[in-house]
Amino acid sequence: MFVSQSSPNPANPDTTASQRALLERRARLLGPTYRAFYRNPVHLVRGSGVWLYDAQGRKFLDAYNNVASVGHCHPRVVEALSGQAAMLNTHTRYLSEIILDYAEKLLGTCPPHLGHAMFTCTGSEANDLAIRIAQHCSGGTGVIITDFAYHGATIATAQLSPAAVGAMGVPAHHRTVAAPDTFRDHGRTARDFAKNVAAAIEDMRVQNIRPAALLLDSAFSSDGIFFPDAAVMREAADHVRKAGGIVIADEVQSGFGRLGHGMWGFANYRIEPDIITMGKPIGDGHPMGAAIVRPQLVASFGSNTGYFNTFGGNPVAAAVGIAVLEVIEGEGLIENARMVGAYTADLLDTLKTRHGMVADVRRNGLYFGVELMAESSALTATKTLAVVEAMREDGVLISSCGPRGNVLKIRPPLPFAKDNAEQLAETLDRALSQW
């Protein structure tokens, strides 16, 4: 269960009559599994850049969504989408230049040892495909993940997402390891991460399970947002490869310039992954995903198993993908993530001296985890949720994450500017002052 999601109450006095009607209709038509953010859910009708607008015309600063990575409704992306949709949209069983143009451009952002692009519609599908390839090519079944990871919503990826299904939902042939927590216990679990991966591999061996892959989110987004030492991460990857497995970098949340140092989060650790998976920001809100794979792995997988995805890599998606990459490059958004990210981090750091509840601020580019602490774990989670709700009421949208539900998750669109950072910090300051 995602700690960042609230179960809205149709009887909440803060909701309007129209919101209550929408909530009741939503529950009737969609059932109980769909949850909305915030106690008083936002009824959004329009987006532009870093801003979202509700049905009453109120403007909210979006400091959470990396889905609209280059900004909500970016004109260049909208133009590319509508132009290609008006011309042709089909699938990859026909010849088409645009999908090849996109594959070439996307591969150009990746390390040269990764030579093939395989397109999907979501990050979940990309991770599912990566696991299939890993299990086929390694001959193994076991996948190592962190103990509060989230990697998707298919059967295979949900079973590798303890943040969604709980530890008991992870099958016995997989292994979870503690995330590299750089804060608690003076960062011991971060330093021991490679040892823990090695221990998981040994435990698999004892149980006659062959390891297939290490599947890692480069920012440990659901675990609480951590950026551990590069040497430890490379050592962990080496353990997996020596055991015959492959390394999968899940860049759905940490990729596309998010961390401000090149396109990909794994580059911070100087790791050469065997597969990169991506989704969400790849299409600025258009449903897209991809797995970028070593050619030898595709050769082995493809010789025995064909791959086709009806909508993965369609011409409209390709046009959108090209536009996103052109915007990132043309508007200098990676540099913006670095510069504005550093400025934002400085502002958030000042809150540590003003509010004793702020225990740690973790940052990399435009990705921040602000860890809050109170008298008890239960009270901390309650206060963290209250801070998120207070910011929503004050016009800034963020969320929370981590197994304790006590880390503010701040991940704005890449065009985030210094004045946006100032509004974010001032609003957070006010929210924290209530406690």
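Look up a bit, the structure's there.
Please read these numbers as outputs of a predicted model, since none were measured by experiment. (Residues numbered from 1 in each chain as written. Predicted model: local features only at pLDDT ≥ 70, side-chain atom pairs only at ≥ 80, totals over all residues. Heavy atoms only, no water.)

### Structural notes on the sheet that holds strand S11 (residues 358–363)
The criterion, for reference: Pairing between two strands requires that DSSP report at least two bridges joining them. Runs of E in the DSSP output that reach at least two residues are strands. Runs of H or I that reach at least four are helices, and both are numbered from the N terminus. Fitted lines through C-alpha atoms give the axes, limited to the stretch in contact for helices. The angle between two N-to-C directions lies from 0 to 180 degrees. The contact rule is simple, with two residues in contact once any of their heavy atoms fall within 4.5 Å.
With antiparallel pairing, 4 strands are arranged side by side in an open sheet as S11-S12-S15-S14. With one partner strand each, in any of the chains shown, S11 and strand S14 (399–401) form the two edges of the open sheet. With strand direction ignored, the average angle separating the axes of adjacent strands in the sheet is 30°. Two strands pair when backbone bridges link them, and S11 and strand S12 (residues 368–372) are joined in this way by 5 bridges, in the antiparallel orientation. The partner of Arg363 across the bridge, within S12, is Phe368. Across the sheet, helix H13 (residues 377–393) is in contact with S12, S14 and strand S15 (407–410); its angle to S15 comes to roughly 30°.

### A look at a nonpolar patch on the surface
Note the following rule: Patches draw on residues past 30% relative accessible area with no salt bridge. Two like charges within 9 Å are joined, as are two nonpolar side chains (Val, Leu, Ile, Met, Phe, Trp, Tyr) within 5 Å. Residue exposure ignores everything except the shown protein chains as possible cover, and the areas themselves are Shrake-Rupley values with a 1.4 Å probe. Salt-bridge detection follows one rule: a side-chain nitrogen of Lys or Arg within 4 Å of a carboxyl oxygen of Asp or Glu. For the exposure calls, accessible area comes from a 1.4 Å probe over protein chains only, and a residue counts as buried if that area is under 20% of its type's maximum, exposed if over 50%, partly exposed in between.
On the surface, a nonpolar cluster with roughly 330 Å² of combined accessible area is contributed by Leu29, Leu30 and Tyr34. Structurally, Leu29 can be placed in helix H1 (residues 17–30). A relative accessible area of 55% means that Leu29 is categorised as exposed.

### Here's the deal with unusual backbone geometry
Phi at Cys73 is positive, roughly 55°, even though this residue is not glycine. Within the fold, Cys73 resides in the loop between strand S3 (59–62) and helix H2 (75–85). Judged by its relative accessible area of 51%, Cys73 is exposed. Although it is not a glycine, Phe256 sits at a positive phi angle of roughly 60°. For Phe256, the location among the structural elements is in the loop between strand S8 (246–250) and strand S9 (275–278).

### Concerning the nonpolar core
Threshold: Side-chain atoms within 4.5 Å link the members of a nonpolar core, which is a set of buried Ala, Val, Leu, Ile, Met, Phe, Trp, Tyr and Cys residues.
With 69 residues, the main nonpolar core has Tyr102, Leu106, Phe256, Met278, Ile398 and Leu424 as its most contacted residues. When residues of this core are assigned to their parent elements, the largest contribution, 10 residues, is made by helix H11 (residues 315–330). Leaving out residues up to four positions away in the same chain, Ile398 has contacts with Tyr38, Ala63, Tyr64, Val388, Met391, Leu408, Lys409, Ile410 and Leu424. Counting 30 residues, the second largest nonpolar core, distinct from the first, contains Val177, Met233, Ala236 and Ile271.

### Describing helix H12 (residues 333–354)
Short version of the rule: A helix is expected to span 1.5 Å for every residue after the first.
Across its 22 residues, H12 extends 31 Å between first and last C-alpha, which sits within 8% of the 32 Å expected from 1.5 Å per residue. All of the buried residues along H12 are Leu333, Ala337, Val340, Gly341, Thr344, Ala345, Leu348 and Leu351. Taken together, the buried residues of H12 touch H11, S11, S12, S15 and helix H14 (418–433).

### Considerations on the packing of H13 against H14
Quick reminder of the rule: Orientation labels follow simple angle bins: below 35 degrees gives roughly parallel, above 145 gives roughly antiparallel, 65 to 115 gives roughly perpendicular, and whatever is left gives oblique. Note on convention: near helix rotated counterclockwise from far helix by under a right angle means a left-handed crossing. Clockwise means right-handed. In this classification, the charged set is Asp, Glu, Lys and Arg, the nonpolar set is Ala, Val, Leu, Ile, Met, Phe, Trp, Tyr, Cys and Pro, and all remaining amino acids, among them Gly, are polar.
Packing of H13 against H14 leaves a shortest axis separation of 9 Å and a crossing angle of 125°. One way to sum up the angle between H13 and H14 is to call them oblique. In this structure, H13 meets H14 at a crossing whose hand is right-handed. Judged by residue contacts, Val387, Ala390 and Met391 of H13 engage Leu424, Thr427, Leu428, Ala431 and Leu432 from H14. Residues of the contact of H13 with H14, tallied by class, amount to 7 nonpolar, 1 polar and no charged.

### Topic: the sheet that holds strand S2 (residues 51–54)
Taken together, 4 strands build an open sheet; the order of strands is S1-S2-S3-S13 and the sheet is mixed. In this open sheet, the two edge strands, each paired with only one partner strand, are strand S1 (44–48) and strand S13 (396–397). For S1 and S2, the ladder comprises 4 bridges, and the chain directions are antiparallel. For Arg46, the partnering residue across the bridge sits in S2 and is Tyr53.

In short, the description is geometric, and any link to function would need to be established separately.
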